Amino acid sequence: MTKFSGGKTLAVVAVAGGAILASIAPVMADVSAESPSVAAIRVESPAKIKALGAAVEIQVTYACPKGSQASLNLNVSQTVIGGVANGGAYKSSINCTGAFETITMNVAAQNRAFRWGTAFVAANINGYPPSYSASDERVIDFRF
C-alpha cells in the first residue's frame, strides 16, 4: 500500500498549476494589449526634426473605444541654446476603432527652433461617450 503525503501532493499540484498559469499568462497579456477597455496613449521615440528645427514630426499611438469621439493634444518642450523651444499640436477628431492606431503629428516650433537631442513631450486623449481620458508624459529623442 502506497501512502501519499499531503505536503508532497500539494507541492506537485502547486507546481503544475503554476506551469499552466505561466503558459497562458502571455496570451492574456496580448488580449488586454489589443483591446483596451477605455483609452490609452503613448508618444513614440525617436521623432524627426523637420525644416532645420522649425517643426518636429512625432508618432503617437493611441486607442479609444470603438464608435466614440476623441481629440488628441500634444505639447513639446526642449532646452536649447538661449532658452526653451516649445510647440503644440491639436487634432479635434481622431478615428476610434477600439484597436491601437498610430497617428503622425507635426508640431511647429513657437519661439526657438528644435534641435537634435532630447525633449519632453506630454500627450492627452479626451473623448466621449462615456467620458474618458488618458495621458502620457515622457522624454523622447529628436533626430534629423
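Here the residue numbers are simple positions, counted from 1 along each chain's written sequence. For this predicted model, a pLDDT threshold of at least 70 governs which residues receive local features, and a threshold of 80 or more governs which side-chain atom pairs are given and counted, while totals over whole chains, interfaces and linings are taken from all residues. To get the side-chain values, take all heavy atoms of the structure and skip hydrogens and water.

A closer look at the overall build of the protein chain
- To qualify as a helix, a DSSP run of H or I must reach at least 4 residues; to qualify as a strand, a run of E must reach at least 2; elements of each kind are numbered from the N terminus. What the protein chain contains, in helices and strands, is one helix and eight strands.
- Counting from the amino terminus, the protein chain carries its helices and strands in the arrangement α-β-β-β-β-β-β-β-β.
- We call a residue buried when its accessible area falls under 20% of the maximum for its residue type, exposed when it is over 50%, and partly exposed in between, using a 1.4 Å probe and counting protein chains only. Classification of the 144 residues of the protein chain by burial places 31% in the buried group.
- Where accessible areas are quoted, they stem from the Shrake-Rupley method and a 1.4 Å probe; at the residue level, only the protein chains shown are allowed to cover. As displayed, the protein chain has an accessible area near 8,800 Å², and 59% of this comes from carbon and sulfur atoms.

Focus: the nonpolar core
- The term nonpolar core refers to a set of buried residues drawn from Ala, Val, Leu, Ile, Met, Phe, Trp, Tyr and Cys, joined through side-chain atoms within 4.5 Å. Residues Ile 58, Leu 74, Ile 125 and Phe 142 are the most contacted members of the largest nonpolar core, which totals 31 residues.
- At the level of elements, strand E1 (40–43), strand E2 (47–50), strand E3 (55–63), strand E4 (69–80), strand E5 (83–91), strand E6 (101–108), strand E7 (117–128) and strand E8 (132–143) are the ones that each hand at least two residues to this core.
- No other element matches the five residues that E4 contributes to this core.

Description of a nonpolar patch on the surface
- Only residues whose relative accessible area exceeds 30% and that form no salt bridge enter a patch; like-charged residues are grouped when within 9 Å of one another, and nonpolar side chains (Val, Leu, Ile, Met, Phe, Trp, Tyr) when within 5 Å. Criterion for a salt bridge: a side-chain nitrogen of Lys or Arg within 4 Å of a carboxyl oxygen of Asp or Glu. A surface patch of nonpolar side chains, about 470 Å² in accessible area, is lined by Leu 52, Trp 116 and Phe 144.
- When you line up the elements, Trp 116 lands in the loop between E6 and E7.

Notes on the pairing of E4
- If DSSP finds at least two bridges between two strands, the strands pair. In this sheet, E7 lies alongside E4 in antiparallel orientation, the contact comprising nine bridges. Bridge pairing links Asn 75 to Ala 122 in E7.
- Here E4 runs beside E5; their pairing, made up of nine bridges, is antiparallel. Looking at E5, one finds that Val 80 is bridged to Gly 83.
- Taking the residues between adjacent antiparallel strands as the criterion, E4 and E5 are bridged by two residues, where Gly 82 takes a positive phi near 90°.

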